[in-house]
Amino acid sequence: MKTLFVLLDKEIRQFFRNAFLPKLVIVFPVMVILIIPWVTTMDVRHIGVSVVDNDHSETSRRIIQKIEASDYFNLT
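Quantities reported herein were computed from a predicted structural model and do not represent experimental measurements.

**Q** Sorry, what's going on with the overall build of the chain here?
**A** Scanning the chain for helices and strands turns up 3 helices and 2 strands. Counting helices and strands in the order they occur from the N terminus, the chain gives α-α-β-α-β. Projecting the C-alpha coordinates of the chain onto the three principal axes gives extents of approximately 80 × 30 × 15 Å. For the chain, with 76 residues in total, the buried portion stands at 5%. For the chain, the accessible surface area stands at approximately 7100 Å², while carbon and sulfur atoms represent 67% of it.

The following block contains the structure:
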């Protein structure tokens, strides 16, 4: 247990001896919290979809029109 405390003491001294590390510990998580949500998105868009319409009914035409109108699918 004494060895663990000696190593922790050494690391804490090294951490505060370097002027850059304490700033990094504060700035990096704040940057991740504030900037990353604006940059990343989990939306899946522009998926290529092919439709084989053997029915040719009004219902199938409406479904195809809804697929064409969506931003999530590209009808090919």
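**Q** For this particular structure, what's the right way to read the pattern of salt bridges?
**A** Any two side chains of opposite charge can pair, given that their charged atoms come close. Tallying each qualifying case throughout the model produces 5 salt bridges. For D9, the salt bridge goes to R13, with nearest N and O atoms at 3.0 Å. With a gap of 4 residues between them, D9 and R13 both fall in helix α1 (residues 2–17), about one helical turn apart. Assessed through its relative accessible area of 52%, R13 is described here as exposed. A salt bridge links R45 to D71; the shortest N-O distance between them is 3.7 Å. You can see R45 sitting in the loop between α2 (20–39) and β1 (47–49) and its partner D71 sitting in the loop between α3 (58–69) and β2 (73–75), a full 26 residues away along the chain.

**Q** It is not clear to me how the side chain of D53 should be interpreted in this structure. Could you clarify?
**A** When you line up the elements, D53 lands in the loop between β1 and α3. It turns out D53 is buried and unbridged, and the closest side chain with the opposite charge, R61, is 5.5 Å from it. Within polar-contact distance, the side chain of D53 engages the backbone nitrogen of D55 at 3.2 Å. At a separation of 3.1 Å, a polar atom in the side chain of D53 contacts the side chain of S60. In this structure D53 touches S60 and I64, once residues within four positions along its chain are discounted.

**Q** Is there a simple way to explain unusual backbone geometry in this structure?
**A** Most of the time, phi is negative for any residue but glycine, and the peptide bond is trans. Backbone geometry places H46, a non-glycine residue, at a positive phi of 60°. With respect to the helices, strands and loops of the structure, H46 is situated in the loop between α2 and β1. Note on H46: relative accessible area 54%, which makes it exposed. Phi at H56 takes a positive value of approximately 55°, unusual for a residue other than glycine. Mapped onto the elements of the fold, H56 is located in the loop between β1 and α3. Given a relative accessible area of 53%, H56 falls into the exposed group.

Analysis parameters
Residues numbered from 1 in each chain as written. Predicted model: local features only at pLDDT ≥ 70, side-chain atom pairs only at ≥ 80, totals over all residues. Heavy atoms only, no water. Helix = DSSP H or I, 4+ residues; strand = E, 2+ residues; numbered from the N terminus. Buried < 20%, exposed > 50% of the residue type's maximum accessible area, 1.4 Å probe, protein only. Areas by Shrake-Rupley, 256 points an atom, 1.4 Å probe, with all protein chains shown as cover. Salt bridge = Lys/Arg side-chain N within 4 Å of Asp/Glu carboxyl O. Lys, Arg positive; Asp, Glu negative; His and termini not counted. Polar contact = N/O pair within 3.5 Å; in protein donor to acceptor, adjacent residues only side chain to side chain. Contact = heavy atoms within 4.5 Å.

Shape is all these values report; function is a separate question.
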